[in-house]
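Spelled out from the first residue to the last, the chains are:
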Amino acid sequence: MRLPSGGRIDRTTPLTFTVDGVTHTGYRGDTLASAMLANNVLAGPSIHLGRPRGIVAAGVEEPNALVQVGPEPMLPATTVELTDGIEATTLSGRGRLATPNDGYFDKTYAHCDVLVVGGGRAGLAAAVEAGRSGARVFLADEQPELGGSLLSTPDTWEWLDTVVAELASFPETRVLTRATVFGYYDHNYLSIAQRRPGGGRLWHVRAGRVVLATGAHERPLVFAGNDRPGVMLAGAVRTYLNRYAVRPGRRAVVCTNNDSAYATALDLLESGAEVLVADVRDEESALAALVRSAGGEVRAGTTVTGTTGSPWVTSVSLGSETADCDLVAVSGGWNPVVHLHSQAGGTLRYDDATAAFVPDVARQAHVSVGSANGELDPVHPLWTIPAADGSWDTHFVDQQRDATVADVLRATGAGMRSAEHVKRYTTIGTAHDQGKTAGVNTLGVIAEALGAGTPGPTTYRPPYTPVPFALLAGRDRGALLDPARVTPIHAWHVARGAEFENVGQWRRPWYYPLPGETMTEAVLRECRAAREGVGVQDASTLGKIELVGPDAGEFLNRMYTNAFAKLPVGTARYGMMCTADGMVFDDGVVLRLAEDRYLATTTTGNAAAVLDHFEEWLQTEWPDLRVHCTSVTEQWATIAVVGPLSGRVVGALAADLPPKFMAFVDTTVHGVPARVARISFSGELAYEVNVAGWHGLAVWEAVMAAGEEFGITPYGTETMHVLRAEKGYPIVGQDTDGTVTPLDLGMDWIVSKRKSFVGKRSLRRPDTARPDRKQLVGLLPVDPDDLLPEGAQLVAPDTPLDPPVPMLGHVTSSYRSAALGRTFALALLRSGRDRLGQVVHAPLADRTIAAIVTEPVFYDPEGTRRDG
Amino acid sequence: MLLIRCPWCGPRNEVEFSYGGAADVVYPPDPDALSDAEWGEYVFVRDNPRGPFAERWVHTAGCRRWFRAVRNTVTHEFREES
Amino acid sequence: MTDDLMRSPLAGVTFTAPFVRELPFLAMVNLRVGTFPHPLPGPNRVGTLDGRDVLWLGPDEWLVVGPPGDAPAIETLLHQALGDTHGSVVDVSANRTTLAVSGPHARDTLAKGCPLDLHPSVFGPGHCAQTLLARAQVVLRQVDADPTYHVLVRGSFAPYLAEWLADATREFW
Ligand SMILES: [Zn+2]
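Residues numbered from 1 in each chain as written. Chains lettered and ligands numbered in written order. Predicted model: local features only at pLDDT ≥ 70, side-chain atom pairs only at ≥ 80, totals over all residues. Heavy atoms only, no water.

- As recorded in an unreviewed UniProt entry, chain B goes by the name Sarcosine oxidase subunit delta, listed as coming from Actinophytocola gossypii.

Describing the overall build of chain B
Then, number 1: What chain B contains, in helices and strands, is one helix and six strands.
Then, number 2: Ordered by position from the N terminus, the helices and strands of chain B form the series β-β-β-α-β-β-β.
Then, number 3: Its C-alpha atoms give chain B principal-axis dimensions of about 40 × 30 × 20 Å.
Then, number 4: For chain B, the residues scored as buried account for 51% of the 82 residues in total.
Then, number 5: In chain B, the proportion of contacts linking residues at least 24 apart, taken out of those at least 6 apart, comes to 44%.
Then, number 6: Entry remark: accessible area of chain B is about 4,100 Å², with carbon and sulfur atoms responsible for 51%.
Then, number 7: Here chain B contributes 10 positively and 13 negatively charged side chains, and the mean placements of these two sets differ by 10 Å. (Helix = DSSP H or I, 4+ residues; strand = E, 2+ residues; numbered from the N terminus. Buried < 20%, exposed > 50% of the residue type's maximum accessible area, 1.4 Å probe, protein only. Contact = heavy atoms within 4.5 Å. Areas by Shrake-Rupley, 256 points an atom, 1.4 Å probe, with all protein chains shown as cover. Lys, Arg positive; Asp, Glu negative; His and termini not counted. Charge placed at Lys NZ, Arg CZ, Asp CG, Glu CD.)

Some details on the nonpolar core
A general feature of soluble globular proteins is that nonpolar side chains tend to end up buried together.
Then, number 1: Core analysis: the biggest nonpolar cluster contains 66 residues, and Leu32(A), Tyr240(A), Leu268(A) and Val316(A) have the highest contact counts within it.
Then, number 2: With residues up to four places along the chain from it excluded, the contact list for Tyr240(A) reads Ala33(A), Ser34(A), Leu37(A), Ile55(A), Ala57(A), Ala58(A), Thr78(A), Met232(A), Ala245(A), Val246(A) and Pro248(A).
Then, number 3: Among the nonpolar cores identified, the runner-up in size contains 51 residues, and Met28(C), Phe36(C), Val90(C) and Val139(C) belong to it. (Core = buried A, V, L, I, M, F, W, Y, C linked by side-chain atoms within 4.5 Å.)

Description of the pairing of strand 20 (residues 327-331) of chain A
Each regular strand carries side chains that alternate between the two faces of the sheet.
Residue and element names in this part refer to chain A.
Then, number 1: Where burial is concerned, most of strand 20 is hidden: five out of the five residues are buried.
Then, number 2: Residues Leu327, Ala329 and Ser331 of strand 20 are buried on one face, and the alternating residues Val328 and Val330, pointing to the opposite face, are buried as well.
Then, number 3: As defined by bridge partners, strand 13 (residues 231-233) adjoins strand 20 across three bridges and the pair is classed as parallel. Within strand 20, the residue paired with Val231 across the bridge is Val328.
Then, number 4: For strand 14 (residues 251-256) and strand 20, the ladder comprises five bridges, and the chain directions are parallel. (Pairing = 2+ DSSP bridges.)

Digging into the coordination of the zinc ion
All names here are of chain B.
Then, number 1: Surrounding the zinc ion are the protein donor atoms Cys6 (SG), Cys9 (SG), His59 (ND1) and Cys63 (SG), which sit 2.0 to 2.4 Å from the metal.
Then, number 2: For the zinc ion, the four donor atoms are set out with angles of 103 to 123° between them, so the coordination reads as tetrahedral.
Then, number 3: Linear spacing of the donor residues for the zinc ion on their chain is C-x2-C-x49-H-x3-C. With Cys9 in the loop between strand 1 (3-6) and strand 2 (10-13) and Cys63 in the loop between strand 4 (52-58) and strand 5 (66-72), this pair connects stretches of sequence that are 54 residues apart. (Donors = N, O, S within 2.8 Å, 3.2 Å for Na, K, Ca; no water. Tetrahedral: all angles 85-135°; square planar, octahedral: opposite > 155°, others 65-115°.)

Comments concerning the interface of chain A and chain C
Then, number 1: The interface is formed by 47 residues belonging to chain A together with 42 residues belonging to chain C.
Then, number 2: When the two sides are added together, the surface that chain A and chain C hide from each other amounts to roughly 3,800 Å², 52% of it contributed by carbon and sulfur.
Then, number 3: Looking only at chain A, the three residues that lose the most surface to chain C are Leu480(A), His628(A) and Trp694(A), adding up to 20% of its buried area.
Then, number 4: Two residues, Glu171(C) and Arg196(A), come together in a salt bridge whose shortest N-O distance is 3.7 Å.
Then, number 5: On the surface where chain A and chain C come into contact, there are 27 residue pairs in polar contact (both at pLDDT 80 or more).
Then, number 6: Elements represented by at least two residues in the side of chain A that touches chain C include exactly strand 6 (104-117), strand 30 (543-548), strand 34 (628-631) and helix 17 (696-707) of chain A.
Then, number 7: The dominant element in the side of chain A that touches chain C, judged by the number of residues it contributes, is strand 6 of chain A, at six residues.
Then, number 8: Along the lines of polarity and charge, the residues of the side of chain A that touches chain C split into 20 nonpolar, 12 polar and 15 charged. (Buried area = accessible area lost by both parts, 1.4 Å probe. Salt bridge = Lys/Arg side-chain N within 4 Å of Asp/Glu carboxyl O. Polar contact = N/O pair within 3.5 Å; in protein donor to acceptor, adjacent residues only side chain to side chain. Nonpolar A, V, L, I, M, F, W, Y, C, P; charged D, E, K, R; others polar.)

Regarding the sheet that holds strand 33 (residues 597-602) of chain A
Residues and elements named next belong to chain A.
Then, number 1: The five strands lie next to each other as 31-32-33-30-34, forming an open sheet whose pairing is antiparallel. In this open sheet, the two strands that pair with only one neighbour each are strand 31 (572-578) and strand 34. For this sheet, the mean inter-axis angle between neighbouring strands, taken without regard to orientation, is 30°. (Axes fitted to C-alpha atoms, helices over the stretch in contact; angles between N-to-C directions.)

Details of the pattern of salt bridges
Then, number 1: Per the counting criterion, the structure on display carries 64 salt bridges over all chains.
Then, number 2: Two residues, Glu554(A) and Arg558(A), come together in a salt bridge whose shortest N-O distance is 2.7 Å. Of the two residues, Glu554(A) and Arg558(A) both sit in helix 14 (residues 552-559), four residues apart, roughly one turn of that helix.
Then, number 3: Overall, the relative accessible area of 34% leaves Glu554(A) in the partly exposed class.
Then, number 4: Linked by salt bridges that have partners in common, Glu615(A), Arg64(B), Arg65(B), Arg32(C), Asp60(C) and Glu61(C) make up one network.

Re the side chain of Thr303(A)
Then, number 1: Structurally, Thr303(A) is set in the loop between strand 16 (297-300) and strand 17 (306-308).
Then, number 2: Assessed through its relative accessible area of 17%, Thr303(A) is described here as buried.

What to know about the pairing of strand 8 (residues 128-133) of chain C
Residues and elements named next belong to chain C.
Then, number 1: Counting buried residues along strand 8, six of its six residues qualify, which places the element largely inside the surrounding structure.
Then, number 2: Bridging between strand 8 and strand 9 (residues 136-144) involves six bridges; their strand directions are antiparallel. Counterpart to Gln130 in the pairing with strand 9 is Val139.

Description of the packing of helix 2 (residues 121-132) of chain A against helix 3 (residues 157-168) of chain A
Residue and element names in this part refer to chain A.
Then, number 1: It is at 10 Å that the axes of helix 2 and helix 3 come closest, and there the two elements cross at 35°. For helix 2 against helix 3, the interelement crossing comes out left-handed. In this structure, helix 2 contributes Arg121, Leu124, Ala127, Val128 and Arg132 to the contact, and helix 3 contributes Trp159, Leu160, Val163, Glu166 and Leu167.
Then, number 2: Residues of the contact of helix 2 with helix 3, tallied by class, amount to seven nonpolar, no polar and three charged. (Left-handed = near helix turned anticlockwise from the far one by under 90°.)

Right under this line is the structure:
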């Protein structure tokens, strides 16, 4: 019932809410739990046994009262601030992410000298002391207001107001409320989940020092029927009384093994309740006299041994006697909240006086203070309280998991000794509350069952409390999930209706369908244009690195399998690079811009990796080489104009053209500075026009205008792939996978015999030189209209398809060719070059495709077309 | 999230760095002089100790400098050297 | 020296927050050198060279920033200063664009995506850093105590970063 006065609730602001469709009222300042208690509302039934359950605690340690509120499942009602119109549904231990969470969640980074976790007595004292020194202080507390357990002790509220005001006066002190520090990671990096209206904020804090003032959680006592609604933690009862002005019962039995519960007894008496204190200790507490003088009864050496009532408790057994009651306030001692200390790598030790695990050695720059450091009343440990009938199956250890002492005994009886094993067997401690009330009691029960003196240790991992996925995702959703990198010409592609393909983070035009056209039709049309007329592709995504210095040629000689030191200025050469293991790493064309200046191009996806690779070798192995690398990938927009008519188009715009294949000129195109190169990735006559990124769109549009009379056709990555595959040009990362050498690709010609280069030694390792390695070959399906799926596995004909099937290799690229009038593919095939002319099979789910093994060059093997 | 001290830029979050494996594995001056086994050792074989481990890191999202550091693989204690 | 054929990576983007804007086409020249005859700024600092800003990028790398069209003059200046000394001078003006974020919300905006400590006692006017902002690599510099920050970002990442900034500034205006 709600008391007529007192508490920190705002009685002028009544709030209406529903639980399971029933309307109730509460006040601003309530939690959902305090308002439920004020209205005698039960929690949901238990997860497995369906037993009625009530609210047990007043904070995050609550094991029972889970609710769903809007899209948020699995919220302990004790942590839900009451707001007007809340519609809560009680849960039986399980929730469901029913709807997308449309709340606004974001994240921010923060830095401080001192992070104080917990705004109770000890945390406030630490924060004030640090704040007075002028340090940058963060104080994070999970409650809506500072105070911690002080909020349950009205005689401290004046001091609390003074301290909170002083904290607010420090310019470098920041107080976060509704903010749970849930993770403590390496190098004093902590995560804070802050609840905010309509969502939340994830704080990533790097702290100089951390003060853990996280308080303590009370332990239940383990007696028969200890889960009956009305059995609550004594400290929680005190919180409901004093902070929320809710008295959970009129006739209370307070059962304890320590002095802390006497404060609850006294407060209950003052509120007008009847109180019987059953103290398990034989020696009477010094506080017993206070209780008696306030009108209560105290019995030493007495404990609750069972409960009755349905659903709420109506009486308890005290050994042979019974006592009527409607509230049982229990205290089995307190567990310091050592989770963050333990997450940080700190060790714990078992303290006999308080029968609890307390911080021992800190591994990072943190210190625990107050009750989190074990500053607690001594207790008389009592892990289990036998029932009169000897049964153990209603002695709940973990109410959330419906796990009892009987379950623990079954685990130890099966031979388990480690707490970790017992946890997994019984599921104790695996619920949303991670055993905050159950953990140490379980360890005590195990120790008792095994005849061990004291409970064994445990470790804690993040998160301290459940964290919504929506909070972790933050704003990293939709377009903000991952950057979409676009070229300066991107808007044109979009306007032209291109379909896009992701290449790394880049969005590249894949193909440009005309109205009503399928992808196959569009790609065949684009291919024909490039082979017979003129096509144009945005190749700006190619990686570009300028290498400057007198040793640039020597450096390239060491990096590439072929030689560059003697490349004449004004010309270009295709090159291939290996890693030290001899496997193909990247390829591209290198231009010599001047005696001491080269421009290396890389594949789109590997631009950053190649620059890192260059820097690694330069810095760590050859610091004596005088050469510097600079990424210019986006300095240049690159427009590839391809096809027999490409010269007419580029010639109309360029002041000058390169004199021959694999040559370039620095000139102007459309009146802006440009570098024009004769480079072909299709086998056709082709020009690469490079202009400053900011000129890319204008020059592209000029190329389109100049090419209009020739039917210039923009094409995307799919057509580019078909054109190069027709020529047998491999794509690193598609036709190679980190296990393929240049020799496997049949590119012996690119591997220098004379000079040394990274990876060369590996090419004559026995494994790399095996004749039966997988080699790049062409495949022509026997049915020229049948398209092999990329990735299809290849086997010899008549191979039985019973696992394990001996695979010969797989298809790496497969297309329809306009030029060939049929399908074709590239594949990596064991001893591939020995199988030229043979048939291999690709068994698919519904049929088998037969294909003839060929040389990988399908089109213009003589290379007559590149000069137009 | 480790806090790694780039010898040039100062302390930065781990995400700005890339890992370069064991340090002090020198590229053989004459690979051709090595036996297959010796070359295989250089390319493929690395220690994986419990405790202090000399490693190479590169400040990828910053100055792109490679540096040597000793990381304790148990505690993640980090000692950076240039 | 700009012309009407130039288009910045963020042309056509409207910045919803009034304290974010693009400074397009700034001249940027990358300098990599061991020893240079003029003093260059040390780690994480911005200096000046003949009226241009010089941003420290690494122990042998600086970015010289000037007004639009200034790149050829900067290149000449650097080449002359280098003489026969080996050094790398590369025009990277079109490689990046610049976003200015300024005013009382600038720091909190950047803190949503930048793990650096931007507290005035740590990072102030004249400081610069290569770091991450959201999922983009950037060069970040503080220009004045308003504070005004310049974020230098690659053109391909600029639309993403502009969208990220629009989202991150949503709560402030
Ligand atoms: Zn660095």
